[in-house]
Amino acid sequence: MARNTVHCSMCSKAFFPGSLPIHVKQCAKKMALVPVPCLYCREEHEHGRMAEHVAKCKAARKAIAEQARGVSTVNAALAR
């Protein structure tokens, strides 16, 4: 492609500078629909709805609680 192109930060495709803002809007919509696995339970959900899933995910709540306990334990040990 021509030398004066810029790359989309989401898909890495090259575009002319004037076309990039239009592409980014479309690419963001497309990327929001891509299924990705939850980091906690490995179930696949649309990328754009992952925050909603994590808020309800039992495995996520458990992991976050364990992490919080670990941090509070470290803080308590440091306070001594």
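Heads up: the structure comes first, above all this text.
Structural notes, computed from the coordinates. (Residues numbered from 1 in each chain as written. Predicted model: local features only at pLDDT ≥ 70, side-chain atom pairs only at ≥ 80, totals over all residues. Heavy atoms only, no water.)

Our next topic: the overall build of the protein chain. Counting its regular elements, the protein chain contains three helices and four strands. Each helix and strand of the protein chain, placed in order from N terminus to C terminus, yields the pattern β-β-α-β-β-α-α. With 80 residues in all, the protein chain has 14% of them scored as buried. For the protein chain, the proportion of contacts with a sequence separation of at least 24, taken over those separated by at least 6, is 2%. Counting every atom, the protein chain has about 6400 Å² of accessible surface; 60% of that belongs to carbon and sulfur. (Helix = DSSP H or I, 4+ residues; strand = E, 2+ residues; numbered from the N terminus. Buried < 20%, exposed > 50% of the residue type's maximum accessible area, 1.4 Å probe, protein only. Contact = heavy atoms within 4.5 Å. Areas by Shrake-Rupley, 256 points an atom, 1.4 Å probe, with all protein chains shown as cover.)

Quick look at the environment of Ala59 now. Here Ala59 lies in helix α3 (residues 58-79). With a relative accessible area of 30%, Ala59 lands in the partly exposed category. Put simply, Ala59 and Cys41 are 18 residues apart on the chain and 5.8 Å apart in space, counted from C-alpha to C-alpha. Leave out the neighbours within four places in its chain, and Ala59 touches Tyr40 and Cys41.

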